[in-house]
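Chain by chain, the residues run as shown.
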Amino acid sequence: VQLQASGGGLVQPGESLRLSCAASGSFLSIRTMKWYHQAPGNQRELVARITAGGSTYYGDSVKGRFTISRDNAKNTVYLQMNSLKPEDTAVYYCCMGVTTYLGSRDYWGQGTLVTVSS
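Rules and cut-offs
- Residues numbered from 1 in each chain as written.
- Predicted model: local features only at pLDDT ≥ 70, side-chain atom pairs only at ≥ 80, totals over all residues.
- Heavy atoms only, no water.
- Core = buried A, V, L, I, M, F, W, Y, C linked by side-chain atoms within 4.5 Å.
- Buried < 20%, exposed > 50% of the residue type's maximum accessible area, 1.4 Å probe, protein only.
- Helix = DSSP H or I, 4+ residues; strand = E, 2+ residues; numbered from the N terminus.
- Contact = heavy atoms within 4.5 Å.
- Pairing = 2+ DSSP bridges.
- Axes fitted to C-alpha atoms, helices over the stretch in contact; angles between N-to-C directions.

Asker: Got a minute to help me understand the nonpolar core in this structure?
Answerer: Among the nonpolar cores identified, the biggest contains 30 residues, and Trp35, Val77, Leu79, Met81, Tyr92 and Met96 are the most heavily contacted of them. Every element with two or more residues in this core is listed here: strand E1 (2-6), strand E3 (17-24), strand E4 (29-38), strand E5 (45-50), strand E7 (66-71), strand E8 (76-81), strand E9 (90-100) and strand E11 (112-116). Among the elements that take part in this core, E9 stands out by supplying 5 residues, more than any other. Not counting residues up to four positions away in its chain, the partners in contact with Val77 are Leu19, Ser20, Cys21, Met33, Trp35, Ile50, Ile68, Ser69, Arg70, Cys94 and Met96.

Asker: How should the sheet that holds E8 be read in this particular structure?
Answerer: Within a beta sheet, neighbouring strands are joined by backbone hydrogen bonds and run either parallel or antiparallel to one another. Strand order in the open sheet formed by 4 strands is E1-E3-E8-E7, with antiparallel pairing between adjacent strands. On the outer flanks of this sheet lie E1 and E7, each paired with one strand and no other. When strand polarity is set aside, the average angle formed by the axes of neighbouring strands in this sheet is 15°. Here 5 bridges tie E1 to E3, and the two strands are oriented antiparallel to one another. Along E3, the bridge assignment pairs Leu3 with Ala23.

Right under this line is the structure:
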């Protein structure tokens, strides 16, 4: 199972970005999909998650600005980030709970850098 994240870049404060993360390989199902971010010198933090049933959770710092969604047919999770702030600058990682014939565990993407700066 491989996760490929994309969509990061350099934007100005107030602008938007949309991150994508697609899973590929051989697996039976994907449960919860999550986005984390990690700023330099900081621990990796949960930004948002979405369950297989579509229930969502957001960290306090992104509520009302970020939206997580998933396309099960494409095995893809998205993170729409609006009204970006300099403090959103970080590497963003996707994480999916994947079930294969060998069992269930979390898989991680490689990270995509988001820089918010004027």
